[in-house]
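Below, each chain spelled out in residue letters.
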Amino acid sequence: MLVGMEVAQVAARAAGENFPVGSILFPRGLRPHIRALYCYARLVDELGDAYEGDRLAALDELESQVVQTFEGEPSWPVLRNVQATVREFELPREPFLRLIEANRIDQRVGAYETWDDVKQYCVHSADPCGRLVLGVLRRLDDAELVAASDSVCTGLQLVNFLQDVPRDLELGRVYLPAEELRRFGGPALDRPSDELRALLRFEAERAAALLRAGDVLRARIGGRLGRAVGVFARGGLAALEALEAANWDVFTQRPKPSRARLAREAALVLVR
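All values reported here derive from a predicted model rather than from experimental measurement.

Right, let's get into the pattern of salt bridges. Summed over the entire model, instances satisfying the criterion amount to 24 salt bridges. Between Asp150 and Arg131 there is a salt bridge whose closest N-O contact spans 2.6 Å. Linking Asp150 in helix α9 (residues 143-163) with Arg131 in helix α8 (residues 127-136), this pair joins segments that are 19 residues apart in sequence. The exposure class of Arg131 is partly exposed, given its relative accessible area of 25%. Each of the salt bridges in this network shares a partner with another, and the network as a whole consists of Asp49, Asp106, Arg167, Asp168 and Arg173.

Before going further, it helps to examine the layout of surface pockets. Taken as a whole, the second largest pocket encloses approximately 150 Å³ of empty space. Lining the second largest pocket are Arg201, Ala204, Glu205, Ala208, Leu237, Leu240, Glu241, Glu244 and Trp248. Broken down by class, the residue content of the lining of the second largest pocket amounts to five nonpolar, no polar and four charged.

Right, let's talk about the nonpolar core for a bit. Ranked by internal contacts, the top residues of the largest apolar core, which has 77 residues, are Phe26, Tyr40, Leu62, Leu79, Phe96, Leu176 and Leu240. Residues in contact with Leu62, not counting those within four places in the same chain, are Tyr40, Leu43, Val44, Leu47, Trp76, Leu79 and Ile100.

Aromatic rings in a pair are described by how distant their centres are and how their planes are angled relative to each other. Counted under the stated rule, the structure contains nine aromatic pairs. A centroid spacing of 5.7 Å and a plane angle of 45 degrees characterise the contact between Tyr112 and Tyr121, whose relative ring orientation is tilted. By the burial criterion, Tyr112 is buried, and Tyr121 matches it. Where Tyr121 meets Phe161, the ring centres are 6.3 Å apart and the plane angle is 35 degrees; that geometry is what we call tilted. Here Tyr121, found in helix α7 (residues 115-125), pairs with Phe161, found in helix α9; they are 40 residues apart in sequence, far enough to count as distant. Assigned by exposure class, Tyr121 and Phe161 land together as buried. Linked through ring pairs, Tyr112, Tyr121, Phe161 and Tyr175 together constitute an aromatic cluster.

All right, on to the packing of helix α3 (residues 31-49) against helix α4 (residues 55-71) then. Following both chains from N to C, one finds α3 and α4 inclined at 155 degrees, their axes separated by 8 Å at the closest point. By the angle between their axes, α3 is roughly antiparallel relative to α4. Of α4, the residues touching α3 (which contributes Tyr40, Leu43, Val44, Leu47, Gly48 and Asp49) are Arg55, Ala58, Leu59, Leu62 and Val66. Taken together, the residues of the contact of α3 with α4 break down into eight nonpolar, one polar and two charged.

About the criteria used
- Residues numbered from 1 in each chain as written.
- Predicted model: local features only at pLDDT ≥ 70, side-chain atom pairs only at ≥ 80, totals over all residues.
- Heavy atoms only, no water.
- Salt bridge = Lys/Arg side-chain N within 4 Å of Asp/Glu carboxyl O.
- Helix = DSSP H or I, 4+ residues; strand = E, 2+ residues; numbered from the N terminus.
- Buried < 20%, exposed > 50% of the residue type's maximum accessible area, 1.4 Å probe, protein only.
- 1 Å grid on protein atoms, 1.4 Å probe; cavity = no way out; pocket = protein on both sides within 12 Å on 5 of 7 lines; lining within 4 Å.
- Points joined across faces, edges and corners; volume = space filled by probe spheres on them.
- Nonpolar A, V, L, I, M, F, W, Y, C, P; charged D, E, K, R; others polar.
- Core = buried A, V, L, I, M, F, W, Y, C linked by side-chain atoms within 4.5 Å.
- Contact = heavy atoms within 4.5 Å.
- Phe/Tyr/Trp six-rings, centres within 6.5 Å; stacked < 30°, edge-to-face > 60°.
- Axes fitted to C-alpha atoms, helices over the stretch in contact; angles between N-to-C directions.
- Parallel < 35°, antiparallel > 145°, perpendicular 65-115°, else oblique.

By themselves these figures say nothing about function.
Now the structure itself:
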């Protein structure tokens, strides 16, 4: 799996997700770079979540491939694909390594006490994705944009946590803060309940507040490109609407916006 994972394989596993759907809104010349970065992020998660061998060893091997991406010639297809993007836009190494560290954390940490603890995890698991996109836009030197991007990415990560409560539990992970679980009566996470619905609604309000930073990205970047970046936040808000429409039932199926809904969001960007 490690050496043989092709770019097309990784991309196929993520077909229809918010990020690759949104990438079609970028100028044609940037789309391959956005998709290359997303494939890298997906590969890291594949190794951390699904690899059947020694995941920490696999992540170590991936880190060595990242080093080669910056200092030599990587042998893995996904890294060879992303190397052109790294070189053209002079991307920093840190976001690539943070994504690996997030998956290392997943191998040793199964629960978090406070929201601040979860948010710190998102510094590694989510925020680097937005920073890499800003790097492709050559806007990493804009502190306000970086802060807004971090908020949106953390918000999107929180949306995923809400959608994936049962799946994460099967992996031995709980991303809902323990102190908030206690505040809402300590509901079981393997079955629906009024208490769990109330907790998910509370967390969704937090996610929505974070996703509103997408307005800053859209306004500061401006034009169609700003709207293209903003659509990621809109996709997260659409996912929250799907959760609410399902009455916070994350057990019957994974509530998420349909591909048609995401396509409508993309269409709104194109016509504005």
